[in-house]
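Structural description and commentary
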Amino acid sequence: TVAEAVRLIQMGQIVAIKGIGGVHLAVDAGDGAAVARLRARKRREAKPFALMARDVDMVAAHAEVDSLERQLLTGREAPIVLLDRRRGGEQLVDGVAPGQGRLGFMLPYTPLYAMLMAGLARPIVLSSGNRAEAPACTGNGEALRKLAGIADAWLLHEREIVHRLDDSVAAVAAGRVRLLRRARGYAPAPLPLPPGFEAAPSVLAMGGALKHTFCLLRGGQAVLSPHIGDLQDAETLSDCRQQLASYLTLFD
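Definitions and cut-offs
- Residues numbered from 1 in each chain as written.
- Predicted model: local features only at pLDDT ≥ 70, side-chain atom pairs only at ≥ 80, totals over all residues.
- Heavy atoms only, no water.
- Salt bridge = Lys/Arg side-chain N within 4 Å of Asp/Glu carboxyl O.
- Helix = DSSP H or I, 4+ residues; strand = E, 2+ residues; numbered from the N terminus.
- Buried < 20%, exposed > 50% of the residue type's maximum accessible area, 1.4 Å probe, protein only.
- Pairing = 2+ DSSP bridges.
- Arc of directions from axis to C-beta.
- Contact = heavy atoms within 4.5 Å.
- Axes fitted to C-alpha atoms, helices over the stretch in contact; angles between N-to-C directions.
- Parallel < 35°, antiparallel > 145°, perpendicular 65-115°, else oblique.
- Left-handed = near helix turned anticlockwise from the far one by under 90°.
- Nonpolar A, V, L, I, M, F, W, Y, C, P; charged D, E, K, R; others polar.

1. Topic: the pattern of salt bridges
- Taken as a whole and assessed by the stated rule, the structure comprises 10 salt bridges.
- One salt bridge connects Asp-28 with Arg-122, and the closest N-O pair in it is separated by 2.5 Å. Of this pair, Asp-28 sits in strand β2 (residues 23–28) while Arg-122 sits in the loop between α5 (111–118) and β6 (124–128), and the two are 94 residues apart along the sequence.
- Residue classification places Asp-28 among the buried positions, given a relative accessible area of 8%.
- Asp-239 serves as the salt-bridge partner of Arg-164, at 2.7 Å between the closest nitrogen and oxygen. Of the two residues, Arg-164 sits in the loop between β7 (153–155) and β8 (169–173) while Asp-239 sits in helix α7 (residues 234–250), which places them 75 residues apart along the sequence.
- When salt bridges with common partners are traced through the structure, they connect Glu-142, Lys-146 and Glu-235 into a single cluster.

2. What about the environment of Gly-88?
- Note on placement: Gly-88 falls in the loop between β4 (80–84) and β5 (102–106).
- By relative accessible area, Gly-88 is classed as exposed at 80%.
- A C-alpha to C-alpha distance of 8.7 Å links Gly-88 and His-62, two positions 26 residues apart in sequence.

3. Comments concerning the pairing of strand β9 (residues 176–181)
- Judged from the 5 bridges that link them, β8 and β9 form a sheet pairing that is antiparallel. Across the sheet, residue Ala-170 finds its bridge partner in β9, namely Leu-179.
- Here β8 folds back onto β9 in antiparallel fashion, the turn holding 2 residues, of which Ala-174 has a positive phi close to 50°.

4. Some remarks on α5
- By the burial criterion, the buried members of α5 are Tyr-113, Leu-116 and Met-117. Projected down its long axis, α5 shows its buried positions confined to an angular sector of 90°, all on one face. Looking at α5, the residues exposed on the side facing more than 90 degrees away from the buried face are Pro-111, Met-115 and Ala-118.
- Residues of α5 that are buried make contact with α1 (2–10), β1 (15–18), β2, β3 (50–52), α3 (56–60) and β6.

5. A few points about the environment of Phe-197
- Looking at the element boundaries, Phe-197 is found in the loop between β10 (191–192) and β11 (203–206).
- Separated by 171 residues in sequence, Phe-197 and Ala-26 have C-alpha atoms that sit 44 Å apart.

6. Side note on the packing of α1 against α5
- The contact between α1 and α5 brings their axes to 9 Å, and the two run at 50°. Classified by the angle between their axes, α1 and α5 sit oblique to one another. Read as a crossing pair, α1 and α5 show a hand that is right-handed. Residues Val-2, Ala-5, Val-6 and Ile-9 of α1 pack against Leu-112, Met-115 and Leu-116 of α5.
- Considering only residue class, the contact of α1 with α5 consists of 7 nonpolar, no polar and no charged.

In structure tokens form, the structure reads like this:
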């Protein structure tokens, strides 16, 4: 149950939670031992972890939030938003984002996460449910199998995840929203191209092998896939091929 997941997180346990685009790993962001254990088990040495807070007030206790950043946090896309640490604010453990001046916060974007955060007094780390560089788990059986040895408990549901979808990452710079990772909430919404592209032939553009994304060009629009990841991992490459086949069918 959600109440049991809350209790385990408060005890310093790592809980695997199934979202809408994949499985996450959650720990108390104020528990140094729990965060260190998650890093060791995921083999993620120093890369910052994403955080989830109950509401904007909880975020603002740890980071500076201006009006545009507040809109970004509370918007329907609900991305992870990179925010400057608040000087003199409540402190999270160093292991959350070692050596970083910014923290990546998001708010609950499903009823399950809202129920979970309602029972917690501090933000949680919410990291993708995988080992370093591998894609996040999506199926219940896969999560139980692949996250054994990482998670201490699982909070799963029966809703099938057809397409893996990471959390989007955004920041405000020079007064504008900048998307650093386009995924949940943004993909596959098409981007309009400048006049003259309407007559261009349909094109498939494949991004680099690292932080991979592909793009379909059709009818004066660019349709970007969500962030897929590093194609040096065989499972990520397989996921890329599956998503590409789906997009080619979906967008004809």
